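Read off the chains here:
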Amino acid sequence: MARPSRAVDSTFGTCERPGIRLRPDEVPSAEAERESSQPKARANRKAREEMSAPNKSYDPVEVEALKPEEIDRARDAALAAIAAAGDLEALREVKAAHAGDRSPLALANREIGALPPHARAEAGKRVGQARGAVGQALKKRQEELEAERDERVLVEEAVDVTLPYDRVPAGARHPLTTLMERIEDVFVAMGYEVAEGPEVEAEWFNFDALNIAPDHPARTMQDTFFVRGAEDGEDRDLADSGVVLRTHTSPVQIRSLLDREPPVYVICPGRVYRTDELDATHTPVFHQVELLAVDEGLTMTDLKGTIEHMVRSLFGEGLGTRMRPSYFPFTEPSAEVDMVCFVCRGESVGNPDRPCRTCSSEGWIELGGCGMVNPRVLTACGVDPERYSGFAFGFGIERMLMFRHNVEDMRDMVEGDVRFTRPFGMEI
Ligand code: FA5
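Keep in mind that what you see is a predicted model, and the values were worked out from it rather than measured. (Residues numbered from 1 in each chain as written. Predicted model: local features only at pLDDT ≥ 70, side-chain atom pairs only at ≥ 80, totals over all residues.)

1. A word on unusual backbone geometry
- The peptide bond linking Pro-262 to Pro-263 adopts the cis configuration, its omega dihedral lying at 0 degrees.
- With respect to the element layout, Pro-263 can be found in the loop between α9 (251–259) and β4 (264–273).
- With omega at -5 degrees, the peptide bond leading from Glu-332 into Pro-333 counts as cis.
- Note that Pro-333 resides in strand β7 (residues 331–340).
- The phi dihedral of Asn-211 falls on the positive side, at around 65 degrees, and the residue is not glycine.
- As for its position among the elements, Asn-211 is in the loop between α8 (203–206) and β3 (243–245). (Helix = DSSP H or I, 4+ residues; strand = E, 2+ residues; numbered from the N terminus.)

What follows is the structure, given as structure tokens:
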């Protein structure tokens, strides 16, 4: 089918839009027509027009950003801001402002490409030097501020590693307790039994049964704490109460013999009381360890061997013991026992160049009393002295602890200061 004809005036070119007539100079080209209809393309074209392009007639002196004084000014402003940055956060902002993509020097750098070739080298050198100076200043300031921060953190976040990590530290067992248990272990390993007795004791067990006569000085109130009996009136003389705080662990010998048939081998550590003044080597409440062996055929040799074994176990090999004649009513013969000083091993004797505080340069340390059980004691306990014999010793635990750990003052053991006790806490 034939299309309806459209009137076309050749003098007006080809205009497709019906009813509008344009002069030839007003007719847009096909390309312009296309681009003007697309906003993105329009923006691209505008950018292309604005972008600097090589231009032979372009004079760098006239480009504001590349003027030497402008570059120097931008550099100086950057250097001043860097120097003024007080911390790393401030320096980060300074870096963005003076060395970032939109910084004056970065923008100037971009302009270089637009310069004519003969002008690029000098402008490039100038901008490059300025940017280099800023970069170096930034690096140096960064290092300074990091060092300052590290120093501050070290002070502010310092941890005192000497402070106790645990505010409720576990307690330590008292060294007297651990030493007593250690002594028990030595004898339990040899077949001894651990025996106990009361601390508030009948006078008979504490004195009479041990052959301590009624007029013995130890039985006076100057030496012994007497305890008023439950039924005693106020007018009763305390010394007649018949009840005492035991003055030694020897009454356990009697209790053990009354309780058992021979052979008897007992060890008895425990607390005892005397009216002694508290000083560096005495306390009114202290501890002893008592040993009693009753069997057929026991002699002083057995006693000496037993003591030597104990000394070896507690203080180490090679320390001799000696016995000095003494007197105890419940042993016959009786002796005081000394051991070779475990610190100087006797070498301080007559040797002023090597004094020993532990034994006062005497070479020997006194442990306590010992002897063969008096036949009268055996008889009082119903044991036939013709058939059985026995030996016994009683040593002071506080004194042993002093020797073993170089404790100079016995009062430290009773004052309850944990600084004294804690170092012993590692002993089990
Ligand atoms: C006695 O007590 C005897 N029962 C020991 C004994 C047992 C001898 C068995 C024979 C057979 P003496 O009074 O010497 O002995 O005391 C023994 C030890 O107790 C002393 O060597 C000393 O180490 C210690 N001792 C005595 N008095 C005190 C005190 N006030 N403070 C600390 N320790 C003391």
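2. What to know about helix α4 (residues 88–99)
- Look at α4: 15 Å from first C-alpha to last across twelve residues, which is about the 16 Å you get at 1.5 Å a residue.
- All buried positions along α4 are accounted for by Leu-91, Val-94, Lys-95 and His-98. End-on, the buried residues of α4 take up no more than an arc of 105 degrees, which puts them together on one face. Residues of α4 that are exposed and point more than 90 degrees away from the buried face comprise Glu-89, Arg-92, Glu-93 and Ala-96.
- The elements touched by buried residues of α4 are α3 (68–84) and α6 (117–156). (Expected span 1.5 Å × (residues − 1). Buried ≥ 20, exposed ≤ 12 C-beta atoms within 10 Å, placed from the backbone. Arc of directions from axis to C-beta. Contact = placed C-beta atoms within 7 Å.)

3. Some remarks on helix α12 (residues 397–405)
- Within the sequence span of α12, burial applies to Ile-397, Glu-398, Arg-399, Met-400, Leu-401 and Met-402.
- Along its buried surface, α12 packs onto α7 (175–188), β4, β5 (285–295), β8 (364–373) and β9 (389–396).
- Within two residues after α12, Asn-406 carries a phi angle of roughly 55 degrees, on the positive side.

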